[in-house]
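# Residue-level structural notes
Listed below, chain by chain, are the residues.
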Amino acid sequence: MNLDDELRAVGRSAVVPPVDEGLTAAVLARVADLPVRKRLRDRWRAFVAGLLVLMAGAVLAPPVRATVAEWLRIGGVQAQPVGTGPSTAPPVPTVPGHLSLEQATRTAGFTPARPKELGAPTGVEASKGFVAMSWSGVRLEQFESDISPMYIKKYYQDLEYVPDLNAFWFKTPHELVLADQRVLRIAGPTLVWVHNGITFRLEGVDKARAVQLATGTS
Amino acid sequence: MLARVRGGESAAYGELVNRHALVAKRTAVFLGAGADADDVVQEAFVKAYKALGTFRDGAAFRPWLLRIVANETRNVVRARGRRARREELAAPLDVVLDPAEEAVSLERRKELLAAVRELPEPMRLVVTCRYLLDLDEQETAVVLGWPRGTVKSRLHRALGRLRDALPDKEVQR
C-alpha cells in the first residue's frame with residue numbers, strides 16, 4: 001500500500017465526536033434575520049452562468065453527460081462514480097446473527113421481505129430500520145430509505161439499469177462507504193432497488209440470478 | 001441549493017449545514033480545535049452564510065466552507081495560546097484511532113499519525129487536508145489559500161520527510 005493510501009486510512013479511522021445535535025437549529029436561528037449580501041452584478045452573473053450551463057449541456061460529449069447523470073440516489077444508496085476501483089472483492093460476508101424473522105421485524109420496525117425461493121435464511125440480524133440476512137454466499141440487506149443516504153457506493157464502471165424492477169446493477173467490485181465516509185468494505189457486484197420505501201441490496205449472485213431473486217422477493 | 005439560499009430561503013441553508021457538518025467538524029478537530037470544535041463549526045457556518053454574497057457562482061461550496069473552518073480554528077487556537085494552562089489544550093491531530101479499520105494495522109497508523117504531528121506546520125496542514133481529510137489537490141489549495149503549485153511541492157516534501165521518519169515500512173509489506 002502506498003504511503004498516501006496509508007495516510008488516508010489514518011484519516012478515515014480517526015474517531016471524531018459526533019456533530020453537536022443542535023448545530024443546524026442554532027445556525028438557522030442565528031442566520032434567520034441576516035440578509036445574504038447581494039450585489040447587483042450577481043444577477044447578471046447568474047444570467048451568464050445559466051446561459052453557460054445551457055451551452056455546456058449542448059456541447060458535452062455523450063459519455064461525459066452519462067457520467068454527470070450517474071451521480072444518483074437509489075433509495076438509501078448514493079452511487080458515486082470514481083476513476084478507478086478494486087478489481088476483486090472478498091467473499092460476501094455471512095450474517096452471523098440468528099434472529100427469527102419476528103424478532104427482526106420487531107427490532108427493525110418493519111417486516112423484512114425475502115426471496116421466497118431461497119427459503120429460510122441461515123443468518124438474520126437487525127437494528128432500527130435495518131435488516132440483513134444471508135444464505136450460503138448470498139446476502140440481502142434492506143433498510144428504510146432516509147433523507148440522507150446510508151451507503152455510498154463508489155463505482156467506476158457503468159451502472160446497468162434494470163427497467164422491470166427499477167433496479168441498478170453494480171457490475172464490478174466497489175468500495176462500500178458509510179454515509180459518514182467510513183469505508184465499510186469492498187463489495188462485489190450488487191443489485192440495488194427500492195420497494196415501498198425500503199432499499200434493498202442483494203449481493204453474491206450474478207445479474208440474471210439477482211434479478212430473478214429480486215423479482216421473487218416479497 | 002445555493003441559489004435557493006441566496007434567494008432568501010434561509011431554511012434551505014439547513015440542508016447545506018446538514019450535508020457538510022461532519023466534514024467541517026473533522027476538519028476543525030484535525031486542525032486542533034479540540035473541545036472548541038462544535039463552536040468553531042457553528043461560527044463557520046454563520047460566517048459562511050453572511051459571506052455567501054461573495055461566493056463565486058459555480059465554485060465548490062465544500063472547500064470554501066472548509067477554508068472558513070480552518071481560519072476559525074486558527075483564531076481559536078491563537079486565542080488559547082494567550083491563556084495560561086497550555087498543557088490542557090488540544091493539539092492538532094489529537095484524535096483516537098478506531099482499532100477496527102482493517103486496511104492498515106493500528107500500530108502502523110499510530111506511527112504515521114505521530115510522524116505527521118511532528119511535521120513543520122505547512123507540511124502538516126497539507127498532509128491533513130490532502131490525505132487525512134482526503135480532499136483533492138484543488139480543494140486543498142482553496143482550503144489553505146495557497147497556489148496549487150505550492151500544495152504540490154509541499155506535499156511532495158512532506159511525503160519525503162514522512163518516508164525518512166518511517167524507514168522501510170512501505171518496502172517491507
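Residues numbered from 1 in each chain as written. Chains lettered and ligands numbered in written order. Predicted model: local features only at pLDDT ≥ 70, side-chain atom pairs only at ≥ 80, totals over all residues. Heavy atoms only, no water.

### A closer look at the overall build of chain B
For chain B, the count of helices and strands is nine helices and one strand. When the helices and strands of chain B are read in sequence order from the N terminus, they spell out α-α-α-α-β-α-α-α-α-α. Within chain B, buried positions represent 49% of all 173 residues. Entry remark: accessible area of chain B is about 8,600 Å², with carbon and sulfur atoms responsible for 48%. (Helix = DSSP H or I, 4+ residues; strand = E, 2+ residues; numbered from the N terminus. Buried < 20%, exposed > 50% of the residue type's maximum accessible area, 1.4 Å probe, protein only. Areas by Shrake-Rupley, 256 points an atom, 1.4 Å probe, with all protein chains shown as cover.)

### Things to note about the confidence of the model for chain A
Residues and elements named next belong to chain A. With 74% of its residues at a pLDDT of at least 70, chain A reaches an overall mean of 77. Looking across chain A, the model is least confident in helix α4 (residues 62–69), with a mean pLDDT of 38, and most confident in helix α1 (residues 3–13), with 93. Low pLDDT, under 50, characterises residues 37–41; the stretch is placed with seven contacts to residues that sit more than four places away or in other chains. Between residues 57–70, whose pLDDT stays under 50, and residues either more than four places distant or in other chains, the model counts seven contacts. (pLDDT = per-residue confidence, 0-100. Contact = heavy atoms within 4.5 Å.)

### A few points about the packing of α1(A) against helix α6 (residues 121–132) of chain B
Put simply, α1(A) and α6(B) touch, their axes get as near as 8 Å, and they point 85° apart. Judged by the angle between their axes, α1(A) and α6(B) are roughly perpendicular. Here A:D4, A:L7, A:R8, A:V10, A:G11 and A:R12 of α1(A) come into contact with α6(B), specifically with B:V127, B:R130, B:Y131 and B:L132. (Axes fitted to C-alpha atoms, helices over the stretch in contact; angles between N-to-C directions. Parallel < 35°, antiparallel > 145°, perpendicular 65-115°, else oblique.)

### A short note on the confidence of the model for chain B
With 84% of its residues at a pLDDT of at least 70, chain B reaches an overall mean of 85. Reported confidences for the modelled complex are a pTM of 0.52 and an ipTM of 0.89.

### So, the nonpolar core
Of all hydrophobic cores here, the largest spans 67 residues; its most connected members are A:L7, B:Y13, B:F45, B:V127 and B:L162. With residues up to four places along the chain from it excluded, the contact list for B:F45 reads A:L23, A:V27, B:Y13, B:L16, B:V17, B:H20, B:A21, B:A24 and B:L65. Counting residues in each nonpolar core, the second largest holds 23 residues, with A:A108, A:W135, A:A167 and A:A214 among its members. (Core = buried A, V, L, I, M, F, W, Y, C linked by side-chain atoms within 4.5 Å.)

### Observations concerning the pattern of salt bridges
In this structure the tally under the stated criterion is 17 salt bridges over all chains. Between A:K171 and A:E160 there is a salt bridge whose closest N-O contact spans 3.5 Å. Here the residue A:K171 occupies a position in the loop between β9 (167–170) and β10 (174–178), and A:E160 occupies one in strand β8 (residues 159–162), the gap between them amounting to eleven residues. Accessibility expressed as a relative area gives 34% for A:K171, which makes it partly exposed. For A:E160, a relative accessible area of 24% puts it in the partly exposed group. A network of salt bridges, in which partner residues are shared, links A:D4, A:D5, A:R8 and B:D134. (Salt bridge = Lys/Arg side-chain N within 4 Å of Asp/Glu carboxyl O.)

### Some thoughts on the environment of A:L202
Residues and elements named next belong to chain A. Along the chain, L202 turns up in strand β13 (residues 198–203). A relative accessible area of 1% places L202 in the buried class. Along the primary structure L202 and R139 are separated by 63 residues, whereas in three dimensions their C-alpha atoms are 5.8 Å apart. Residues in contact with L202, not counting those within four places in the same chain, are V138, R139, L140, P189, T190, L191, W193, A210, L213 and A214.

### Focus on the interface of chain B and chain A
One frequently used descriptor of interface size is the decrease in accessible area upon assembly of the parts. Contacts between chain B and chain A engage 49 residues on the former and 37 residues on the latter. For the pair chain B and chain A, the number of links is three salt bridges. With its nearest N and O atoms 2.8 Å apart, the salt bridge here joins A:R8 to B:D134. On the surface where chain B and chain A come into contact, there are 13 residue pairs in polar contact (both at pLDDT 80 or more). Top element by residues in the side of chain B that touches chain A is helix α2 (residues 12–30) of chain B. It accounts for ten residues. The class makeup of the residues in the side of chain B that touches chain A is 26 nonpolar, seven polar and 16 charged. Where strand β1 (residues 14–15) of chain A lies against strand β1 (residues 96–97) of chain B, two bridges are found, and the strand directions are antiparallel. By the bridge assignment, A:A14 is partnered in β1(B) with B:L97. (Polar contact = N/O pair within 3.5 Å; in protein donor to acceptor, adjacent residues only side chain to side chain. Nonpolar A, V, L, I, M, F, W, Y, C, P; charged D, E, K, R; others polar. Pairing = 2+ DSSP bridges.)

### Observations regarding the pairing of β9(A)
Residues and elements named next belong to chain A. Neither face of β9 is left uncovered, since the one carrying A167 and W169 and the one carrying F168 and F170 both have all their residues buried. Counting the residues in the hairpin turn of β8 and β9 gives four residues, including N166, whose phi is positive at 55°. Alignment of β9 against strand β12 (residues 190–195), held across three bridges, turns out to be antiparallel. Following the sheet pairing, W169 is matched in β12 by L191.

### Quick notes on the pairing of strand β4 (residues 123–127) of chain A
Put simply, side chains in a regular strand alternate between the two faces of the sheet. Two strands pair when backbone bridges link them, and β4(A) and strand β5 (residues 130–135) of chain A are joined in this way by five bridges, in the antiparallel orientation. Bridge assignment links A:S127 to a residue of β5(A), and that residue is A:F130.

### Let's talk about the packing of aromatic side chains
Residues and elements named next belong to chain B. The tally for this structure, following the rule as stated, stands at five aromatic pairs over all chains. Between Y13 and F45, the aromatic rings sit 6.4 Å apart at their centres with planes inclined by 80°, giving edge-to-face as the arrangement. Of this pair, Y13 sits in helix α2 while F45 is found in helix α3 (residues 37–50), placing the two residues 32 residues apart along the sequence. Both residues of the pair, Y13 and F45, count as buried. When the ring of F61 is compared with that of W64, the centres are 5.8 Å apart and the planes differ by 45°; the resulting orientation is tilted. In this pair, F61 and W64 are both assigned in helix α4 (residues 61–81), three residues apart and thus about one turn of the helix distant. Taking relative accessible area as the criterion, F61 reaches 8% and is therefore assigned buried. Classification of W64 by relative accessible area gives buried; the value is 17%. (Phe/Tyr/Trp six-rings, centres within 6.5 Å; stacked < 30°, edge-to-face > 60°.)

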